[in-house]
Amino acid sequence: MKGGGALVIVGLQWGDEGKGKVSYLLSRRASYVVRYQGGANAGHTVVVGQRRMKFHMLPAGSAAGAAPCIAAGCVIDVRRVLEELELLKQLGHGDRLYISHAANVVLEEHKALDAHMEEARGSPIGTTRQGIGPAYADRALRAGIRVEDLTDSKLLDSKLRLITKLHGCERLTSSEELAQTAGSLAKYVADIPVLLNDAIRNGEHIVLEGAQGTLLDIDHGTYPYVTSSNTVAGAACASCGLSPRFIESVVGVAKAYATRVGSGPFPTEELGGEGQLLREAGGEYGTTTGRPRRVGWLDLPLLRYACMLNGVEWIALTKLDVLASVEKIKVCVAYVVDDGEISIASPHMLARGSVKPVYEEFSSWNKLSTEEARHIAAKGWDELPTTMREYVESIEKMLGIPIRLASIGEETGLEVWR
Ligand code: IMO
Ligand code: MG
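All values reported here derive from a predicted model rather than from experimental measurement.

Rules behind the numbers
- Residues numbered from 1 in each chain as written.
- Chains lettered and ligands numbered in written order.
- Predicted model: local features only at pLDDT ≥ 70, side-chain atom pairs only at ≥ 80, totals over all residues.
- Heavy atoms only, no water.
- Domains from an automatic or database assignment.
- Contact = heavy atoms within 4.5 Å.
- Buried area = accessible area lost by both parts, 1.4 Å probe.
- Salt bridge = Lys/Arg side-chain N within 4 Å of Asp/Glu carboxyl O.
- Polar contact = N/O pair within 3.5 Å; in protein donor to acceptor, adjacent residues only side chain to side chain.
- Nonpolar A, V, L, I, M, F, W, Y, C, P; charged D, E, K, R; others polar.
- Near = heavy atom within 4 Å.
- Areas by Shrake-Rupley, 256 points an atom, 1.4 Å probe, with all protein chains shown as cover.
- Helix = DSSP H or I, 4+ residues; strand = E, 2+ residues; numbered from the N terminus.
- Expected span 1.5 Å × (residues − 1).
- Buried < 20%, exposed > 50% of the residue type's maximum accessible area, 1.4 Å probe, protein only.
- Arc of directions from axis to C-beta.
- Donors = N, O, S within 2.8 Å, 3.2 Å for Na, K, Ca; no water.
- Axes fitted to C-alpha atoms, helices over the stretch in contact; angles between N-to-C directions.
- Left-handed = near helix turned anticlockwise from the far one by under 90°.
- 1 Å grid on protein atoms, 1.4 Å probe; cavity = no way out; pocket = protein on both sides within 12 Å on 5 of 7 lines; lining within 4 Å.
- Points joined across faces, edges and corners; volume = space filled by probe spheres on them.

**Student:** Is there a simple way to think about the domain arrangement of the protein chain in this case?
**Tutor:** In many reports, interface size means the accessible area that the parts give up when they come together. Domain boundaries in the protein chain define domain 1 (5-103 + 185-251), domain 2 (105-182) and domain 3 (255-417). A separation of 37 Å is found between the C-alpha centroids of domain 2 and domain 3. Contact with domain 2, which involves six residues of that partner, is made by five residues of domain 3. When the two sides are added together, the surface that domain 2 and domain 3 hide from each other amounts to roughly 350 Å², 43% of it contributed by carbon and sulfur. If you sort the residues of domain 2 by the area they bury against domain 3, I125, G126 and T128 come out on top, with a joint share of 69%. The interface formed by domain 2 and domain 3 contains zero salt bridges. Our count for the domain 2 to domain 3 interface comes out at three residue pairs in polar contact (both at pLDDT 80 or more). Of the residues assigned to the side of domain 2 that touches domain 3, the class counts are two nonpolar, four polar and no charged.

**Student:** Teacher, can you tell me more about the site of ligand 1 here?
**Tutor:** In the vicinity of ligand 1 there are 20 residues, among which D16, K19, H44, T128 and T227 approach most closely. Contacts to ligand 1 include G126, whose backbone N or O atom sits 3.4 Å from an oxygen atom. Here ligand 1, which alone exposes 550 Å², has 97% of that area covered by the protein. Here the shell around ligand 1 is built from residues that sort into seven nonpolar, 10 polar and three charged.

**Student:** Mind showing me how you'd approach helix α13 (residues 386-399) here?
**Tutor:** Owing to its 3.6 residues per turn, the α-helix aligns residues three or four sequence positions apart on the same side. Taking 1.5 Å of rise per residue, the 14 residues of α13 would be expected to cover 20 Å, and the 20 Å separating its terminal C-alpha atoms lies within 8% of that figure. Buried within α13 we find M388, Y391, V392, I395, E396 and L399. Angular distribution of buried residues about the axis of α13 spans 125 degrees; they occupy a single face of the element. On its buried face, α13 is in contact with β14 (298-299), α10 (300-310), β15 (314-318), β16 (328-337), β18 (356-363) and β19 (403-407).

**Student:** When you look at the pattern of salt bridges in this model, what are you seeing that I'm missing?
**Tutor:** Note on pairing: side chains with opposite charge can pair once their charged atoms come close. By the definition in use, this model includes 24 salt bridges. Across the pair K111 and D77 runs a salt bridge whose closest N-O atoms are separated by 3.1 Å. One end of the pair, K111, is in helix α3 (residues 108-120); the other, D77, is in the loop between β6 (75-76) and α2 (78-90), with 34 residues separating them in the sequence. Given a relative accessible area of 18%, K111 falls into the buried group. The class of D77 is buried, set by a relative accessible area of 6%. The salt bridge partner of R374 is E411, with a shortest N-O separation of 3.3 Å. Here R374 is found in helix α12 (residues 370-379), whereas its partner E411 is found in the loop between β19 and β20 (415-417), with 37 residues between them in sequence. What emerges from the salt-bridge pattern is a single network uniting D16, K255, E284, R293 and K319.

**Student:** How do you make sense of the coordination of the magnesium ion (ligand 2) when you look at a structure like this?
**Tutor:** Geometrically, a metal with four donors at the corners of a regular tetrahedron has ideal angles of 109.5 degrees, and one with six donors at the corners of a regular octahedron has ideal angles of 90 or 180 degrees. Protein-derived ligands of the magnesium ion (ligand 2) are D16 (OD) and G43 (O), with the metal-ligand distances lying across 2.0 to 2.7 Å. Of this pair, D16 sits in the loop between β1 (5-11) and α1 (19-27) while G43 is found in the loop between β2 (32-35) and β3 (44-48), placing the two residues 27 residues apart along the sequence. On the basis of relative accessibility, which here comes to 22%, the residue D16 falls in the partly exposed class. The class for G43 is buried, based on a relative accessible area of 15%.

**Student:** Please explain the packing of α3 against helix α4 (residues 132-140) as it appears in this structure.
**Tutor:** Describing two packed helices takes the angle between their axes plus the distance from one axis to the other. The interhelical angle for the contact between α3 and α4, taken along N-to-C directions, is 115 degrees, at an axis separation of 7 Å. Regarding α3 and α4, the two cross each other, and that crossing is right-handed. On α4, the residues that touch H110, L113 and D114 of α3 are I132, P134, A135 and D138. For the contact of α3 with α4, the per-class residue count stands at four nonpolar, one polar and two charged.

**Student:** Help me understand α2, please; the structure alone is not making it clear to me.
**Tutor:** End to end, α2 covers 19 Å across 13 residues, agreeing with the expected 18 Å (1.5 Å per residue, within 8%). Those residues of α2 that fall on the buried side of the exposure criterion are V78, R80, V81, E84, L85, L87 and L88. Its buried side turned inward, α2 meets β4 (51-55), β5 (67-70), β6, β8 (104-105) and α6 (175-183). Once α2 finishes, G92 follows within two positions and takes phi at roughly 90 degrees, a positive value.

**Student:** Sorry, what's going on with the side chain of S229 here?
**Tutor:** Topologically, S229 is positioned in the loop between β10 (205-209) and α8 (234-240). The buried category is assigned to S229, whose relative accessible area is 5%. Polar side-chain contacts of S229 include one of 3.1 Å to the side chain of Q37.

**Student:** Looking at this structure, how should I read empty space enclosed by the protein?
**Tutor:** Once rolled over the atoms, a probe with the size of a water molecule shows which space is left empty. Tallying each qualifying case throughout the model produces one cavity of 30 Å³ or more. As a volume, the largest cavity reaches approximately 50 Å³. What lines the largest cavity is L12, Q13, W14, L215, A258, L298, D299, L302 and L303. Elements that contribute at least two residues to the lining of the largest cavity include exactly β14 and α10. Here the residues of the lining of the largest cavity are counted per class, giving seven nonpolar, one polar and one charged.

This is the structure:
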């Protein structure tokens with residue numbers, strides 16, 4: 001029997017790259033799809049026909065029928081998990097969920113602390129205020145409430161006391177109520193490492209769905225303007241309890257331009273009218289918070305670094321259709337720094353000094369109607385507008401990594417494989 005394996009999907013920018021759609025497409029033949037880090041700060045959208053589905057806690061790939069898993073490295077918003085489980089039931093995928101006993105639970109206290117920290121900072125991060133940082137902090141302090149604790153209201157009470165004492169914060173959670181709501185999660189608790197390792201041994205395939213993006217990684221991103229987890233592909237193994245030997249492939253998802261929500265360096269940010277055009281055409285407003293996203297041009301020095309960190313095998317380039325809203329497309333191909341030009345840059349250096357992007361310009365294409373996009377998707381690569389093909393091929397050449405999937409519309413089906 002041929003062995004199975006795992007494929008990691010990882011965002012290569014500051015999140016919102018279109019990981020939801022890519023995960024849906026790649027999960028169609030997977031037995032399991034796993035969220036391995038982050039929490040309800042994620043917002044992964046899948047559009048199938050008229051139906052628009054948003055996932056914050058469950059992996060978006062579960063809409064394609066793969067069984068959803070939440071691994072140890074996640075911080076869990078119990079209410080969201082239950083809501084999204086209902087959504088999957090409505091889709092006809094049954095009542096399936098595998099949740100790690102070791103995942104930590106986000107409390108109302110964590111959300112309040114998140115807001116409090118933002119207000120206390122001189123320069124706020126612009127977090128999603130979902131309690132992510134404080135929940136991960138309690139996990140590192142070994143004060144966190146884990147999924148395995150949820151059925152024991154006595155234990156919960158003593159842990160809640162510790163948390164409020166540690167942070168000097170007001171108690172917002174009743175242990176009885178938490179035990180009651182969360183009690184319904186008990187039947188989904190599973191040994192994720194055993195589940196996934198068994199599946200691989202049986203020749204099955206697994207998708208590991210990253211959240212946020214590489215440039216928001218707590219170690220490798222633009223610290224402190226990052227999220228509180230490791231978002232790089234390597235984090236998937238630790239969270240799932242899978243050996244790196246079982247990772248078959250790493251797929252990087254990049255948007256054809258760039259966006260960022262919240263504060264922090266963004267060298268290719270476009271503050272003028274073209275930025276506004278892209279924001280409107282691309283619906284660049286946060287899935288989780290509704291905030292307008294900052295918009296700019298594709299940044300190859302950072303993208304090269306992100307591909308290196310993750311060992312990306314191939315790229316899914318998304319939202320190409322949106323670039324029809326501008327006449328000329330800019331791509332940052334290098335940075336000018338003190339001692340010359342560089343073509344690959346670590347996010348870390350952005351925080352320390354200013355860099356000047358060197359741009360190359362590309363011609364845009366006409367806006368495609370949904371009908372035209374459907375026709376192109378059915379016919380394949382050669383039917384794409386010439387200038388769009390040139391754009392994708394140039395990026396591929398400059399990165400030296402194949403772009404195997406080009407998305408030309410939000411709906412699943414509006415994409416071209418190569
Ligand atoms: P998906 O999975 C985009 C950003 C926030 C903020 C920083 C820290 O949909 O791509 P946090 O709430 O995590 O402490 O906020 O990270 N951020 C995201 N930006 N997409 C996301 O997720 C994000 N999750 C967090 O805006 O700048
Ligand atoms: Mg999002």
